Amino acid sequence: MTEYYEEKVLRYRVYERPTLKLESGSKYPWSLTWSFNSRKEAEELIEEEEQRTVALYERKIVDAGQEESFRREVW
């Protein structure tokens, strides 16, 4: 029997990627790390993380306009 879980991704999404480059010289792809209902919360998290991980990651906030729910398979 396959099991699933529901994942809710909120409106303001924080993406990050390492500042290091791949062997080919290209940058790592962006990956979703957090999501929030308010932009202010997302910005506060980025400020906190920047202080802890000084220049190890690039981060950006994306306004998706609405939250989404995804059904994910449990591995």
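As shown above, the structure is provided for reference.
Predicted model only: the values in this text are computed from it and were never measured.

A. Representation of unusual backbone geometry within the structure. For Ala55, which is not glycine, the phi dihedral falls at a positive 60°. Under the relative-accessibility criterion, Ala55 is labelled exposed at 53%.

B. View of helix 1 (residues 39-52). Its 14 residues give helix 1 an end-to-end C-alpha distance of 20 Å, which sits within 8% of 20 Å, the value for a rise of 1.5 Å per residue. All of the buried residues along helix 1 are Ala42, Leu45, Ile46 and Glu49. With its buried residues spanning 100° around the axis, helix 1 presents them on a single face. Relative to its buried face, helix 1 has exposed residues pointing more than 90 degrees away, namely Lys40, Glu47 and Gln51.

C. A look at the pattern of salt bridges. Under the counting rule described, the total for this entry stands at 11 salt bridges. Note that Asp63 is salt-bridged to Arg11, the shortest N-O span being 2.6 Å. Note that Asp63 is positioned in strand 4 (residues 57-63) and Arg11 in the loop between strand 1 (4-9) and strand 2 (12-18), a separation of 52 residues in sequence. Assessed through its relative accessible area of 39%, Asp63 is described here as partly exposed.

D. Structural view of the sheet that holds strand 2. Overall, antiparallel pairing links the 3 strands, which are arranged 3-2-4 in an open sheet. Edge positions in the open sheet fall to strand 3 (31-36) and strand 4, since each of these has one partner strand only. Recorded for the sheet is a direction-independent mean angle of 25° between the axes of neighbouring strands. Of the strand pairs in this sheet, strand 2 and strand 3 are connected by 5 bridges, and their pairing is antiparallel. Residue pairing for strand 3: Glu16 is matched across the bridge by Ser31. Relative to the sheet, helix 1 contacts strand 2, strand 3 and strand 4, its axis offset from that of strand 4 by approximately 180°.

Cut-offs and rules
Residues numbered from 1 in each chain as written. Predicted model: local features only at pLDDT ≥ 70, side-chain atom pairs only at ≥ 80, totals over all residues. Heavy atoms only, no water. Buried < 20%, exposed > 50% of the residue type's maximum accessible area, 1.4 Å probe, protein only. Helix = DSSP H or I, 4+ residues; strand = E, 2+ residues; numbered from the N terminus. Expected span 1.5 Å × (residues − 1). Arc of directions from axis to C-beta. Salt bridge = Lys/Arg side-chain N within 4 Å of Asp/Glu carboxyl O. Pairing = 2+ DSSP bridges. Axes fitted to C-alpha atoms, helices over the stretch in contact; angles between N-to-C directions. Contact = heavy atoms within 4.5 Å.

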